[in-house]
Amino acid sequence: MSTTDRRPVALRIAQRDLRGGLASARIFILCLALGVASIAGVGSVRQAIEVGMNREASIILGGDAELRFTYRYADEDERRFMAEIATAVSETVDFRSMAVVGDTRALTQVRGVDELWPLYGEAGTEPFVPPVEAFDARAEEPGALMDPILAERLDIVPGDRFVLGTQSFVLRALLIDEPDAGGSGFALGPRTVVPLWGLETSGLLAPGTLFETNYRLALPPDADLAQLEQTAEGRFPDRGIRWRDTRSPAPGVEEFVDRIGAFLILVGLAGLAVGGVGISASVRSYLEAKIATIATLRTLGAETRVIFAAYFLQILAMTAFGIALGLALGAALPVVLAPLIEARLPVPIDLAIYPRPLAEAALYGILAALIFTLWPLARTGHVRAASLYRQGIGLSGLPHWGYLMVLVLLTGALVGAAAFLSGSAFLALWVAAGVGMALAVLAVAGLILRSFARRVAPSIRNQPALRAALAAIGAPGSDAVSVVLSLGLGLWILATMGQVDANLRAAIARDLPQVAPSYFFVDIQRDQMPNFLERMDNEPTISRIDHAPLLRGVLTQINGRPAAEIAGEHWVLQGDRGLTYSAELPRDVGLVAGAWWSPDYDGPPLLSFAAEEAEEMGIGLGDEITVNVLGRDITAEIAALTDIDFSNAGIGFIMTFSPNALIGAPHTHMATIYIEEAAEAAILNDIGDAMPNVTAIRVRDAIDQVSDALRSLAAATSLGAAVTLLTGFVVLIGAAAAGDRARVKEAAVLKTLGATKAKILTSFALRSGFLGAAAGIIAVLAGALAGWAVLTQVMESSYRFAPVSAILIVAGGALLSLIAGLGFALRPLAVRPAPILRNQD
């Protein structure tokens, strides 16, 4: 080393030691790269959605801003206000109805539009027909655009006729692209678009009918959206108006994407934790191979801090390379897979390379690398010069307390970063706690397994392969803990999702026919209700009928203060809620506290409130609730708290009023029927012919839509878990590679004692299979507990252990471990024992 070299000693040692390349650290680099890549990829897609939605916000919303009304159209004062602030106003109405062709009926989400629709963007149709032609007011019959799925169900093509209510429409074209669909919210049926003038004689929009009107506004370029929103709320404080603009064009979609993105990033962090096990093991193996070098440096007078700094710099170099590789993969994969990603998302997306998610992924990678390498690095200070003369000495001992404090701080920084950057601090903390607990349980299980194998091995007499396998698992320095940790965490995530998915599928298949009603009927006018009930009572295939008045309103105040000040962002305050009134306590509703009013009560308005939601919102008996219904504020005192069971898909209301509070408001009724499937068509046709304005919603179809959404979430989570599992497999390979020298010596000894290659291979296979199966069993037990928690505590559903999913997880764990173990078994079998036993490689 030149005396003129002014570089720090630690840097010079690190550079000289790295001249051999990074081949020995490939497991370290690969584990880190996979974890960083998954986080960077998910973050990039998440930001691409944000950019895409911001770019096309006006098209998604259908305007620069929107005023939304429930059950009514805007009055003259409200229309005048919109005309004052906007350069153009487009009116649409949205509701559900039944599309009818002959005896065929299908649920559809109807949108009535004016001549300005769409205000922004362009409707895609097949064949191409401009909306102004499709909805020409001079035509004899109103035209319509229809979703191809609905047209196929009705067996119609452009040019054919169908009926909505009492009005006949001509299908002009199939609706391929609805430009403002992203801002329309949840729809139970495929879309049909018709002109507003065509609905005037349909009988579908009678007073009290469930419909929503939307006024999309084209605003001047310099419009202050926040100021306009405040002006609208101040001018119409008690009208139940809801304002939305391009700052958040599709809040439901945005919230879903944010939650899925946050959850997948946290799953990616779990994968990074799995990779951390491999990182720690590979660093320990790397440093143990350098013990002679470290001892030589100590002999030459190198201080502990210099040695630590030298190898810390080497680890930093490996970390930088691994993170760079992970960032390159995470940035490139979403762009390469852009067509596939875009086809699966209902919103515009602008896939590109974004610095922010890459920076976040790099931060996670740096913190994880430091956390999992500091422990073995700190133990380099325990190496003494005597190690040159003593074989088999490794890195051992507890690091100095200062290093332990740094580890705690780094772990806190990683959890804090996840809580802050993911956008869901609560979820981040729970995931961190879950991963930490899983790692602890898996580590303890690995130690117990090793101890058990060490105790049992000597008692096995007539099965040498099994005895050798257990002895290897129980030997000091075996890879049992590493295998159980790395494989178990990935299998745990898969096991949890498997239990949740299996229980949801079973619940739908098992419980729906016995518990849930067959159909919801809505928009039954008050004068139609006696005829409806008479028809249902005379039908022997109907086992049960429930019905209730139905209104919708927005909860605006609690005890005279804005509701959000009391209850925050509780879901009951998000949009309008279903309301009803009843003289008596409804069937299947339990009284938790308070008292129900008398059937002839005629005092100040009272209401009952769902007890669980009331507790969440911080309200109770005696509190006053103000609900805006059709632009009118109704204030009532909470007289009762009730237990509402929403799991059976029947009729259930958060708020039920005394009859004198709502009976004078325009409203309709809803009903549910429980009917034999074979009789459904006849009942639907009978009601449809007699009451064409009534809409029938098949409960199974609605639940299927929710189930599809849950399955999509499960698929996305399983994809994240698969990346975690892949990282675990890489760690397994690393552990197998690190133990290659030990297996060579073991094979040499066994051959000398007369063991055949077949028995040695069987021993290696049994060892790998035992470890994988153990990881799988522990993962299944932890997954069953986590699945129970998700289903019973979060989804408030029942839980049953799903054995098929569990068997697949255990078998998969054993198979993965077997593949990794046997992949490194060939060289030990081929090596001759004599040179090994003479310590001659």
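The following refers to the structure shown.

Calculation rules
- Residues numbered from 1 in each chain as written.
- Predicted model: local features only at pLDDT ≥ 70, side-chain atom pairs only at ≥ 80, totals over all residues.
- Heavy atoms only, no water.
- Phe/Tyr/Trp six-rings, centres within 6.5 Å; stacked < 30°, edge-to-face > 60°.
- Helix = DSSP H or I, 4+ residues; strand = E, 2+ residues; numbered from the N terminus.
- Buried < 20%, exposed > 50% of the residue type's maximum accessible area, 1.4 Å probe, protein only.
- Salt bridge = Lys/Arg side-chain N within 4 Å of Asp/Glu carboxyl O.
- Pairing = 2+ DSSP bridges.
- Axes fitted to C-alpha atoms, helices over the stretch in contact; angles between N-to-C directions.
- Left-handed = near helix turned anticlockwise from the far one by under 90°.
- Contact = heavy atoms within 4.5 Å.
- Nonpolar A, V, L, I, M, F, W, Y, C, P; charged D, E, K, R; others polar.
- Patch = residues over 30% accessible without salt bridge, like charges linked within 9 Å, V, L, I, M, F, W, Y side chains within 5 Å.
- Areas by Shrake-Rupley, 256 points an atom, 1.4 Å probe, with all protein chains shown as cover.
- Lys, Arg positive; Asp, Glu negative; His and termini not counted.
- Charge placed at Lys NZ, Arg CZ, Asp CG, Glu CD.
- Polar contact = N/O pair within 3.5 Å; in protein donor to acceptor, adjacent residues only side chain to side chain.
- Core = buried A, V, L, I, M, F, W, Y, C linked by side-chain atoms within 4.5 Å.
- Arc of directions from axis to C-beta.

### Describing the packing of aromatic side chains
Piece 1. One pass over the full model with this rule turns up 7 aromatic pairs.
Piece 2. Pairing Phe 69 with Tyr 215 gives two aromatic rings, centres 5.5 Å apart and planes at 90 degrees, and the pair type is edge-to-face. Of this pair, Phe 69 sits in strand β1 (residues 65–70) while Tyr 215 sits in strand β9 (residues 212–218), placing them 146 residues apart in sequence. Both residues of the pair, Phe 69 and Tyr 215, count as buried.
Piece 3. For the pair Tyr 519 and Phe 521, a centre-to-centre distance of 6.3 Å together with 35 degrees between the ring planes defines the contact as tilted. Each member of the pair, Tyr 519 as well as Phe 521, is classed as buried.
Piece 4. Cluster of aromatic residues (ring-pair linked, three or more members): Tyr 519, Phe 521 and Phe 532.

### Comments concerning the pattern of salt bridges
Piece 1. A complete count under the given rule lists 33 salt bridges for this structure.
Piece 2. Across the pair Glu 50 and Arg 356 runs a salt bridge whose closest N-O atoms are separated by 3.4 Å. Of the two residues, Glu 50 is situated in helix α2 (residues 26–55) and Arg 356 in helix α13 (residues 355–378); the sequence distance between them amounts to 306 residues.

### Structural notes on the pairing of strand β8 (residues 191–195)
Piece 1. Burial within β8 is extensive, with 5 of its 5 residues counted as buried.
Piece 2. Side chains Arg 191, Val 193 and Pro 195 of β8 all project onto a buried face; the interleaved residues Thr 192 and Val 194 project onto the opposite face, where all are buried too.
Piece 3. Of the strand pairs in this sheet, strand β3 (residues 104–113) and β8 are connected by 5 bridges, and their pairing is parallel. The residue bridging Val 110 from the neighbouring strand is Thr 192, located in β8.
Piece 4. Direction of pairing for strand β5 (residues 143–146) relative to β8: antiparallel, over a ladder of 2 bridges. Each bridged residue has a counterpart across the sheet, and for Leu 145 the counterpart in β8 is Val 193.

### With respect to the packing of α2 against helix α11 (residues 304–336)
Piece 1. Direction vectors running N to C along α2 and α11 enclose 35 degrees, while the axes themselves pass 7 Å from each other. Taken as a pair, α2 and α11 cross one another with a handedness that is right-handed. Each of Phe 28, Ile 29, Leu 32, Ala 33, Val 36, Ala 37, Ala 40, Gly 41, Ser 44 and Val 45 in α2 lies in contact with α11, whose residues at this interface are Ile 315, Met 318, Thr 319, Phe 321, Gly 322, Ile 323, Leu 325, Gly 326, Leu 327, Leu 329, Gly 330 and Pro 334.
Piece 2. Of the residues in the contact of α2 with α11, the class split is 16 nonpolar, 6 polar and no charged.

### What to know about a negative patch on the surface
Piece 1. On the surface, a cluster of negative charge is contributed by Glu 612, Glu 615, Glu 616, Asp 643 and Asp 645.
Piece 2. Of the residues forming the negative patch, the biggest block, 3 residues, is contributed by helix α20 (residues 611–617).
Piece 3. Here Asp 643 is to be found in strand β18 (residues 632–643).

### Structural notes on the environment of Gly 189
Piece 1. Locating Gly 189 in the fold gives a position in the loop between β7 (167–177) and β8.
Piece 2. As a C-alpha pair, Gly 189 and Asp 701 span 512 residues in sequence and 9.0 Å in three-dimensional space.

### Quick look at unusual backbone geometry
Piece 1. Residue Pro 118 is bonded to the preceding Trp 117 through a cis peptide linkage, with omega at -10 degrees.
Piece 2. Along the polypeptide, Pro 118 turns up in the loop between β3 and β4 (124–126).
Piece 3. Between Glu 126 and Pro 127 the backbone carries a cis peptide bond, its omega angle lying at -5 degrees.
Piece 4. Mapped onto the secondary structure, Pro 127 falls in the loop between β4 and α5 (131–134).
Piece 5. Backbone geometry at Asp 523 places phi at a positive 65 degrees, although glycine is not the residue there.
Piece 6. Along the chain, the position of Asp 523 falls in strand β11 (residues 519–524).
Piece 7. Although it is not a glycine, Asn 559 sits at a positive phi angle of roughly 55 degrees.

### Here we look at the side chain of Gln 499
Piece 1. On the secondary structure map, Gln 499 appears in helix α17 (residues 480–515).
Piece 2. Among the polar contacts made by the side chain of Gln 499, one reaches the side chain of Tyr 799 at a distance of 2.8 Å.
Piece 3. Polar contacts involving the side chain of Gln 499 include one to the main-chain amide nitrogen of Ala 802, which spans 3.0 Å.
Piece 4. Among all residues touching Gln 499, those that are not within four sequence positions of it are Gly 783, Ala 784, Leu 791, Tyr 799, Arg 800, Phe 801, Ala 802, Ser 805 and Ala 806.

### Things to note about the pairing of β1
Piece 1. The buried fraction of β1 is high, at 6 of 6 residues.
Piece 2. Neither face of β1 is exposed, since Ala 65, Leu 67 and Phe 69 on one face and Glu 66, Arg 68 and Thr 70 on the opposite face are all buried.
Piece 3. Examined bridge by bridge, β1 and strand β10 (residues 242–245) share 4 bridges and lie antiparallel to one another. Residue pairing in the sheet places Leu 67 in a bridge with Trp 243 of β10.
Piece 4. Bridge analysis of β1 against β9 gives 6 bridges, and the strand direction is antiparallel. Opposite Glu 66, over in β9, you have Arg 216 as the bridge partner.

### Things to note about the nonpolar core
Piece 1. Phe 521, Phe 532, Leu 555, Phe 609, Met 655 and Phe 657 are the most contacted members of the largest nonpolar core, which has 62 residues in total.
Piece 2. Looking at which element gives the most residues to this core, the answer is strand β12 (residues 542–558), with 7 residues.
Piece 3. Met 655 has contacts with Leu 555, Arg 577, Gly 578, Leu 579, Thr 580, Leu 607, Ser 608, Phe 609, Ile 625 and Val 627, leaving out every residue within four places of it along the chain.
Piece 4. Counting 47 residues, the second-largest nonpolar core is a separate cluster that includes Leu 34, Ile 294, Tyr 311 and Ile 371.

### Some details on helix α8 (residues 225–235)
Piece 1. Within the sequence span of α8, burial applies to Leu 225, Leu 228 and Ala 232. Each buried residue of α8 lies within a common arc of 60 degrees when the element is viewed along its axis, so the set occupies one face. Summarising the geometry of α8, the exposed residues directed more than 90 degrees from the buried face are Gln 230 and Gly 234.
Piece 2. At its buried positions, α8 is contacted by α4 (76–85) and β10.
Piece 3. The N-capping residue of α8, defined by a side-chain oxygen 3.2 Å from the backbone nitrogen of Ala 226, is Asp 224.

Taken by themselves, the reported measurements are silent on function.
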